[in-house]
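# Fold and geometry: a report
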Amino acid sequence: MSEWNIKASNISKRAHNPIRQIVDKLKVDPNAQKSFISLSVGDPTVFGNFNVHESANEAIKRQLDTFKHNGYPPAHGTLDARDAIARKYSIPDVAPLTPNDVLLANGCSGALDICVNVLCNPGQNILLPRPGFSLYKSLAEIREVEVRFYDLVPENNWQVDLKHLESLIDDKTACILVNNPSNPCGSVYPKEHLEAILDVAAKHHLPIIADEIYCDLVYKGNTFYPMASLTKDVPILAVGGLAKKWLVPGWRIGWILVHDRHDAFAAEVRTGLLNLSQVILGPNSVVQGALDDILHRTPQSFYEETISQLEHNAKLGIDAVSKIDGLTPVTPQGAMYMMVGIDMDKFKDISSDVEFSQKLVAEENVLVLPGQCFDYPNFIRIVITPPAGSLQEAYERMAEFCARHRK
Ligand SMILES: *Cc1c(COP(=O)(O)O)cnc(C)c1O
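These figures come from a predicted structure and were not determined experimentally. (Residues numbered from 1 in each chain as written. Predicted model: local features only at pLDDT ≥ 70, side-chain atom pairs only at ≥ 80, totals over all residues. Heavy atoms only, no water.)

What follows deals with the overall build of the protein chain. Broken down by element type, the protein chain carries 13 helices and 14 strands. Taken against the 2.2 N^0.38 rule, which gives 22 Å for 407 residues, the C-alpha radius of gyration of the protein chain at 22 Å falls within 12% of a compact globule. By principal-axis analysis of the C-alpha atoms, the protein chain measures approximately 65 × 60 × 50 Å. When each of the 407 residues of the protein chain is scored for burial, the buried share is 54%. The long-range fraction of contacts in the protein chain, counting pairs at least 24 apart against all pairs at least 6 apart in sequence, stands at 74%. Summing over all exposed atoms, the protein chain offers an accessible surface of approximately 18,000 Å²; the carbon and sulfur share of this is 50%. Seen as two clouds, the 39 positive and the 49 negative side-chain charges of the protein chain have centres 3 Å apart. (Helix = DSSP H or I, 4+ residues; strand = E, 2+ residues; numbered from the N terminus. Rg over C-alpha atoms; globule rule 2.2 N^0.38 Å. Buried < 20%, exposed > 50% of the residue type's maximum accessible area, 1.4 Å probe, protein only. Contact = heavy atoms within 4.5 Å. Areas by Shrake-Rupley, 256 points an atom, 1.4 Å probe, with all protein chains shown as cover. Lys, Arg positive; Asp, Glu negative; His and termini not counted. Charge placed at Lys NZ, Arg CZ, Asp CG, Glu CD.)

Shown next, in the form of structure tokens:
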């Protein structure tokens, strides 16, 4: 070649984070009169009111001082770390786990990446929830796996439209991804509903990727059921991690729990998972050293305080937003989010969720993510982890904003 002409690869062109593209359209004005309130970041640590428990920090410091965790651990995690996870999540007789059924990864995102990679070939399709966490779509698209969205029904606490789900299945379907509790919905599925989804998977012999990163983060009156605890039939790769429940998303520790049934994963998938985890060393060594302490010695009060603050904030959100004409919140049952429907007919100069978010941040310096980030227009997602005072202030500004723009 006679001159420099360097092209980016096709794979890099397919790689994208849909949230980034939409959020880039929402301009935060650095000279705004009003203080900036972000109800958009899914990172509970940024406001200072949700903090890692000190015992986890102490555990990390102790491990650092042993000088034992500075080398390369096995790619899928140390035996001690996998054993700590197996003991935490094993349900004897129902969904038993040994350390050999556990792989660590670079965060729950890394775990999801490995799961999509091991189950899906280019040209196959994957069934994803709509609305849903945008990473799923990105992981599929980068590999040229066709995305088919199954509908969640807001009037029914975001339960799956089972008929729709089943109608999407064909002989190219590789797996079904289920996210419970859900980001962005804040829904927590009852046992019967999870069983109904499992029935569809069993009927068509499809494995499930269960994203259970928000396990146990459920409000009073709701119960979290691990999907694997409800089936003797359907093979499941359940993914989780430290990010949300232990409030340390930056520590980058996630995991895959292999719940085999009928030995369906034995022939190929287990080897595939190991192969994939060995490409690049994902999980952090020091955190692995501290994992047994973090999972088994964090006091119960830490989890209770997290939930109680989230629940308080969820209630505050429902109370405030349901009073705003034109907005309809869907009551969250867990996780850290609340979806709010926008009745476009009520507004004179707002015609989409993106426009709603754009104008809200421009006029009130309050940032919310439009539903389009989750492939679900006419909604916004509100993160309920900011301190109650900031949330209150944000809802007051939203109420004034809506009043100004209503017909
Ligand atoms: C935050 C989140 C993850 C990613 O977790 P990391 O451990 O930070 O990679 C995965 N799934 C859902 C639904 C999430 O909200």
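Here the narrative resumes.
The feature "modified residue: N6-(pyridoxal phosphate)lysine" (unreviewed entry), as given by UniProt, occupies Lys244 in the numbering adopted here. Within the fold, Lys244 resides in the loop between strand S8 (236-241) and strand S9 (254-259). Ignoring any residue separated from it by four or fewer positions in sequence, one finds Lys244 in contact with Gly42, Ile213, Tyr214, Leu217, Met336 and Tyr337. (UniProt positions renumbered as here; feature names shortened; annotations may be inferred.)

With respect to the element layout, Ser352 can be found in the loop between strand S11 (337-342) and helix H12 (353-364). Relative accessible area serves as the criterion here: at 19%, Ser352 is assigned to the buried category. Within the structure, the side chain of Ser352 is placed 3.0 Å from the backbone nitrogen of Glu355, a separation counted as a polar contact. (Polar contact = N/O pair within 3.5 Å; in protein donor to acceptor, adjacent residues only side chain to side chain.)

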